[in-house]
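# Descriptive structure summary
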Amino acid sequence: MIRLKNSEEIDGIRKSCHLLADCFNQILPQIKAGMTTKEIDDLFVDFIKKHNAKPAWYRENFKGAVCVSINDEVIHGIPSKKRVVKDGDIVSLDVGIDLNGYISDSCHSVLVGNVKPEIRKLDEVTLECLQAGIAACKAGNRISDISKAVYEIAVKHGYGVVYDYCGHGVGLDVHEDPSVPNCPSHGPNPRIQPGMVLAIEPMINLGCAEVHTAADGWTVLTDDGKWSAHEEHTVAVFEDHTEILTDLNYKK
(Lines give C-alpha, C1' and ligand atoms only; values in the text may rest on other atoms or scores of the structure.)
Protein backbone atom coordinates (compact mmCIF):
# COMPACT_ATOMS: atom_id res chain seq x y z
CA MET A 1 0.00 0.00 0.00
CA ILE A 2 1.33 3.41 -0.97
CA ARG A 3 1.18 5.87 1.91
CA LEU A 4 0.66 9.44 0.74
CA LYS A 5 2.11 11.88 3.25
CA ASN A 6 0.34 14.99 4.51
CA SER A 7 2.08 18.34 4.96
CA GLU A 8 2.93 17.67 8.61
CA GLU A 9 4.52 14.33 7.76
CA ILE A 10 6.47 15.79 4.85
CA ASP A 11 7.76 18.53 7.14
CA GLY A 12 9.01 15.89 9.59
CA ILE A 13 10.63 13.89 6.79
CA ARG A 14 12.20 17.08 5.43
CA LYS A 15 13.83 17.83 8.80
CA SER A 16 15.24 14.29 8.87
CA CYS A 17 16.52 14.69 5.31
CA HIS A 18 18.15 18.04 6.06
CA LEU A 19 19.89 16.51 9.07
CA LEU A 20 21.16 13.74 6.79
CA ALA A 21 22.42 16.33 4.30
CA ASP A 22 24.25 18.12 7.12
CA CYS A 23 25.72 14.77 8.16
CA PHE A 24 27.06 14.07 4.67
CA ASN A 25 28.42 17.60 4.32
CA GLN A 26 30.44 17.16 7.48
CA ILE A 27 31.67 13.61 6.90
CA LEU A 28 32.23 13.23 3.14
CA PRO A 29 35.37 15.44 3.14
CA GLN A 30 36.84 13.22 5.87
CA ILE A 31 36.75 9.99 3.86
CA LYS A 32 40.29 9.00 2.87
CA ALA A 33 42.54 6.05 2.18
CA GLY A 34 43.62 4.13 5.27
CA MET A 35 40.30 4.41 7.10
CA THR A 36 38.43 1.27 8.03
CA THR A 37 34.77 1.03 7.10
CA LYS A 38 34.03 0.75 10.83
CA GLU A 39 35.73 4.12 11.40
CA ILE A 40 33.51 5.60 8.70
CA ASP A 41 30.44 4.10 10.36
CA ASP A 42 31.52 5.51 13.72
CA LEU A 43 31.66 9.04 12.28
CA PHE A 44 28.05 8.76 11.12
CA VAL A 45 26.85 7.17 14.35
CA ASP A 46 28.47 9.93 16.43
CA PHE A 47 26.90 12.67 14.31
CA ILE A 48 23.45 11.09 14.27
CA LYS A 49 23.33 10.42 18.01
CA LYS A 50 24.72 13.89 18.79
CA HIS A 51 21.65 15.29 17.04
CA ASN A 52 19.21 13.16 19.04
CA ALA A 53 18.37 10.84 16.18
CA LYS A 54 18.91 7.16 15.34
CA PRO A 55 20.39 5.37 12.32
CA ALA A 56 17.43 4.16 10.27
CA TRP A 57 19.24 0.96 9.25
CA TYR A 58 18.99 -0.24 12.85
CA ARG A 59 15.33 -0.97 12.04
CA GLU A 60 16.51 -3.50 9.46
CA ASN A 61 18.71 -5.38 11.97
CA PHE A 62 21.76 -4.26 10.02
CA LYS A 63 25.07 -4.25 11.91
CA GLY A 64 25.91 -0.62 11.34
CA ALA A 65 24.51 2.82 10.62
CA VAL A 66 25.95 2.95 7.11
CA CYS A 67 26.07 0.54 4.21
CA VAL A 68 29.71 0.99 3.17
CA SER A 69 30.15 -0.66 -0.24
CA ILE A 70 33.51 -0.61 -2.00
CA ASN A 71 34.30 -1.16 -5.69
CA ASP A 72 32.46 -4.34 -6.84
CA GLU A 73 30.21 -4.20 -3.77
CA VAL A 74 26.98 -2.68 -5.09
CA ILE A 75 25.04 -2.17 -1.84
CA HIS A 76 24.71 -3.29 1.79
CA GLY A 77 28.42 -3.55 2.65
CA ILE A 78 28.74 -4.20 6.38
CA PRO A 79 31.11 -1.87 8.31
CA SER A 80 34.18 -3.74 9.54
CA LYS A 81 37.44 -3.08 11.37
CA LYS A 82 39.15 -5.33 8.81
CA ARG A 83 37.94 -3.57 5.65
CA VAL A 84 40.28 -0.68 4.76
CA VAL A 85 39.64 2.01 2.15
CA LYS A 86 42.44 2.25 -0.41
CA ASP A 87 43.63 4.90 -2.81
CA GLY A 88 41.65 4.63 -6.06
CA ASP A 89 38.56 3.07 -4.48
CA ILE A 90 34.95 4.08 -5.06
CA VAL A 91 33.11 3.94 -1.75
CA SER A 92 29.31 4.12 -1.65
CA LEU A 93 27.83 5.38 1.62
CA ASP A 94 24.13 4.60 1.98
CA VAL A 95 22.66 6.15 5.13
CA GLY A 96 19.25 6.74 6.67
CA ILE A 97 18.26 8.74 9.73
CA ASP A 98 15.27 8.17 11.99
CA LEU A 99 14.42 11.58 13.48
CA ASN A 100 11.37 11.39 15.72
CA GLY A 101 9.98 8.55 13.61
CA TYR A 102 10.58 10.27 10.27
CA ILE A 103 12.98 8.50 7.91
CA SER A 104 15.47 9.97 5.45
CA ASP A 105 17.56 7.97 2.97
CA SER A 106 20.44 8.98 0.71
CA CYS A 107 23.63 7.58 -0.82
CA HIS A 108 26.76 9.21 -2.15
CA SER A 109 29.67 7.47 -3.85
CA VAL A 110 33.05 8.86 -2.80
CA LEU A 111 36.02 8.73 -5.17
CA VAL A 112 39.11 8.20 -3.01
CA GLY A 113 42.42 9.61 -4.22
CA ASN A 114 43.70 8.62 -7.65
CA VAL A 115 40.61 7.04 -9.18
CA LYS A 116 40.79 5.62 -12.71
CA PRO A 117 39.08 7.78 -15.35
CA GLU A 118 36.65 4.96 -16.21
CA ILE A 119 35.44 4.87 -12.59
CA ARG A 120 35.14 8.64 -12.42
CA LYS A 121 33.02 8.54 -15.56
CA LEU A 122 30.89 5.72 -14.11
CA ASP A 123 29.99 7.85 -11.10
CA GLU A 124 29.37 10.93 -13.26
CA VAL A 125 26.92 8.95 -15.38
CA THR A 126 25.26 7.49 -12.27
CA LEU A 127 24.70 11.04 -11.00
CA GLU A 128 23.28 11.95 -14.40
CA CYS A 129 20.94 8.94 -14.13
CA LEU A 130 19.81 10.13 -10.69
CA GLN A 131 19.13 13.65 -11.94
CA ALA A 132 17.17 12.31 -14.91
CA GLY A 133 15.14 10.03 -12.66
CA ILE A 134 14.28 12.92 -10.37
CA ALA A 135 13.30 15.10 -13.34
CA ALA A 136 10.86 12.37 -14.46
CA CYS A 137 9.42 12.10 -10.95
CA LYS A 138 6.52 14.52 -11.16
CA ALA A 139 2.83 14.37 -10.46
CA GLY A 140 0.91 12.78 -13.34
CA ASN A 141 3.79 10.67 -14.62
CA ARG A 142 4.18 7.00 -13.78
CA ILE A 143 6.93 5.16 -11.91
CA SER A 144 8.04 3.68 -15.25
CA ASP A 145 8.97 7.18 -16.41
CA ILE A 146 11.61 7.29 -13.68
CA SER A 147 12.85 3.82 -14.65
CA LYS A 148 13.06 4.72 -18.33
CA ALA A 149 14.96 7.95 -17.65
CA VAL A 150 17.58 6.17 -15.56
CA TYR A 151 17.92 3.15 -17.83
CA GLU A 152 18.28 5.00 -21.13
CA ILE A 153 21.21 7.08 -19.92
CA ALA A 154 23.06 4.13 -18.39
CA VAL A 155 22.73 1.79 -21.37
CA LYS A 156 23.78 4.57 -23.75
CA HIS A 157 27.17 4.35 -22.05
CA GLY A 158 27.22 0.55 -22.13
CA TYR A 159 26.70 0.09 -18.38
CA GLY A 160 24.74 -2.58 -16.55
CA VAL A 161 21.67 -1.40 -14.64
CA VAL A 162 20.98 -3.43 -11.49
CA TYR A 163 17.45 -4.84 -11.68
CA ASP A 164 17.40 -7.07 -8.58
CA TYR A 165 17.31 -4.00 -6.31
CA CYS A 166 15.60 -0.66 -6.74
CA GLY A 167 14.38 2.56 -5.18
CA HIS A 168 11.31 2.69 -2.98
CA GLY A 169 8.87 4.71 -0.96
CA VAL A 170 10.27 6.08 2.29
CA GLY A 171 9.48 8.49 5.09
CA LEU A 172 7.51 6.62 7.74
CA ASP A 173 9.51 3.43 7.34
CA VAL A 174 12.84 2.53 5.74
CA HIS A 175 11.29 0.67 2.81
CA GLU A 176 7.73 1.39 1.66
CA ASP A 177 5.67 0.91 -1.48
CA PRO A 178 6.01 1.62 -4.31
CA SER A 179 9.14 0.00 -5.72
CA VAL A 180 11.03 2.33 -8.07
CA PRO A 181 12.98 0.18 -10.57
CA ASN A 182 15.95 1.55 -12.47
CA CYS A 183 15.12 -0.40 -15.60
CA PRO A 184 11.95 -1.41 -17.50
CA SER A 185 9.76 -3.72 -15.42
CA HIS A 186 6.56 -5.71 -15.76
CA GLY A 187 5.67 -5.00 -12.14
CA PRO A 188 3.22 -2.44 -10.71
CA ASN A 189 3.39 0.95 -12.40
CA PRO A 190 1.39 3.41 -10.28
CA ARG A 191 0.85 7.00 -11.26
CA ILE A 192 3.01 9.47 -9.35
CA GLN A 193 0.86 11.51 -6.97
CA PRO A 194 1.32 14.51 -4.68
CA GLY A 195 2.20 13.24 -1.21
CA MET A 196 4.50 10.50 -2.44
CA VAL A 197 7.95 10.46 -0.86
CA LEU A 198 10.39 8.32 -2.83
CA ALA A 199 14.00 7.22 -2.61
CA ILE A 200 15.35 7.24 -6.17
CA GLU A 201 18.62 5.32 -6.34
CA PRO A 202 20.38 4.23 -9.52
CA MET A 203 22.85 1.37 -9.02
CA ILE A 204 24.97 1.30 -12.16
CA ASN A 205 27.67 -1.26 -12.96
CA LEU A 206 30.71 -0.88 -15.16
CA GLY A 207 30.02 -4.36 -16.55
CA CYS A 208 27.05 -6.72 -16.35
CA ALA A 209 23.78 -5.98 -14.54
CA GLU A 210 23.70 -9.26 -12.63
CA VAL A 211 24.52 -9.36 -8.91
CA HIS A 212 24.70 -11.86 -6.07
CA THR A 213 24.68 -11.80 -2.28
CA ALA A 214 27.81 -12.66 -0.30
CA ALA A 215 27.96 -15.30 2.42
CA ASP A 216 27.36 -12.60 5.08
CA GLY A 217 23.76 -12.42 3.88
CA TRP A 218 23.92 -8.67 3.20
CA THR A 219 26.67 -7.53 0.85
CA VAL A 220 25.58 -7.47 -2.81
CA LEU A 221 28.35 -7.79 -5.42
CA THR A 222 28.55 -7.66 -9.20
CA ASP A 223 28.68 -11.09 -10.84
CA ASP A 224 31.63 -10.17 -13.07
CA GLY A 225 33.68 -8.40 -10.38
CA LYS A 226 33.55 -5.06 -12.17
CA TRP A 227 32.94 -1.93 -10.13
CA SER A 228 29.66 -0.21 -9.34
CA ALA A 229 28.40 3.26 -8.41
CA HIS A 230 25.34 4.12 -6.31
CA GLU A 231 23.71 7.54 -5.86
CA GLU A 232 20.43 8.28 -4.07
CA HIS A 233 18.14 11.10 -2.98
CA THR A 234 14.85 11.22 -1.11
CA VAL A 235 12.29 13.39 -2.92
CA ALA A 236 8.79 14.62 -2.12
CA VAL A 237 6.15 15.07 -4.83
CA PHE A 238 3.86 18.12 -4.84
CA GLU A 239 1.19 19.24 -7.33
CA ASP A 240 3.51 21.62 -9.15
CA HIS A 241 7.04 20.47 -8.31
CA THR A 242 9.22 17.76 -6.80
CA GLU A 243 11.54 18.68 -3.92
CA ILE A 244 14.89 16.98 -3.38
CA LEU A 245 14.71 16.67 0.39
CA THR A 246 18.27 15.35 0.83
CA ASP A 247 19.88 18.00 -1.40
CA LEU A 248 23.30 18.79 0.09
CA ASN A 249 22.79 22.44 -0.87
CA TYR A 250 19.33 22.86 0.60
CA LYS A 251 18.35 26.38 1.69
CA LYS A 252 18.57 26.76 5.45
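A brief structural summary.

What follows deals with the packing of aromatic side chains. One pass over the structure, following the stated rule, counts four aromatic pairs. The interplanar angle of 80° and the centroid separation of 5.0 Å between the aromatic rings of F62 and W218 together place this pair among those described as edge-to-face. Pair noted here: F62 is in the loop between strand 1 (54–55) and strand 2 (66–70) and W218 is in the loop between strand 11 (211–213) and strand 12 (220–222), with a separation of 156 residues, a long-range link. Given a relative accessible area of 5%, F62 falls into the buried group. Among the aromatic side chains, those forming a connected cluster through ring pairs are W57, F62 and W218.

Another aspect to go through is the sheet that holds strand 10 (residues 203–205). Within a sheet, neighbouring strands are paired by backbone hydrogen bonds and run either parallel or antiparallel to one another. Read across the open sheet, the three strands follow the order 6-10-13; overall the sheet is antiparallel. Taken across any chain shown, the strands that pair with only one partner, and hence form the sheet edges, are strand 6 (160–161) and strand 13 (228–230). Relative to strand 10, strand 6 runs antiparallel, the two being bridged by two bridges. Across the sheet, the residue bridging to V161 is I204, located in strand 10.

Read from one edge to the other, the open sheet built from five strands follows the order 8-7-9-14-15, with strand pairing classed as antiparallel. Strands at the two margins of the open sheet, each flanked by one partner only, are strand 8 (176–180) and strand 15 (242–244). The sheet shows a mean angle of 25° between the axes of neighbouring strands, direction not considered.

Turning next to helix 3 (residues 117–136). Over its 20 residues, helix 3 extends 29 Å from the first C-alpha to the last, a length consistent with the 28 Å expected when each residue adds 1.5 Å. When we look at burial in helix 3, the residues that qualify are I119, L122, D123, V125, T126, C129, L130, A132, G133, I134 and A136.

At a closest axis distance of 10 Å, the pairing of helix 1 (residues 7–27) and helix 2 (residues 37–50) adopts a crossing angle of 135°. The angle between helix 1 and helix 2 places the two elements in the oblique class. Where helix 1 crosses over helix 2, the two elements pack in a sense that is right-handed. Residues L19, D22, C23, F24, Q26 and I27 of helix 1 form the contact with helix 2, whose participating residues are L43, F44, F47 and I48.

Okay, helix 4 (residues 143–156) next. With 14 residues, helix 4 should cover 20 Å at 1.5 Å per step; its first-to-last C-alpha distance of 21 Å lies within 8% of that length. I143, I146, S147, A149, V150, I153 and A154 are the residues of helix 4 that are buried. Here the buried residues of helix 4 occupy an arc of 165° about the axis, which is enough to place them on one side. Directly beyond the C-terminal end of helix 4, a positive phi value near 80° is found at G158.

Cut-offs and rules
- Residues numbered from 1 in each chain as written.
- Predicted model: local features only at pLDDT ≥ 70, side-chain atom pairs only at ≥ 80, totals over all residues.
- Heavy atoms only, no water.
- Phe/Tyr/Trp six-rings, centres within 6.5 Å; stacked < 30°, edge-to-face > 60°.
- Helix = DSSP H or I, 4+ residues; strand = E, 2+ residues; numbered from the N terminus.
- Buried < 20%, exposed > 50% of the residue type's maximum accessible area, 1.4 Å probe, protein only.
- Pairing = 2+ DSSP bridges.
- Axes fitted to C-alpha atoms, helices over the stretch in contact; angles between N-to-C directions.
- Expected span 1.5 Å × (residues − 1).
- Parallel < 35°, antiparallel > 145°, perpendicular 65-115°, else oblique.
- Left-handed = near helix turned anticlockwise from the far one by under 90°.
- Contact = heavy atoms within 4.5 Å.
- Arc of directions from axis to C-beta.

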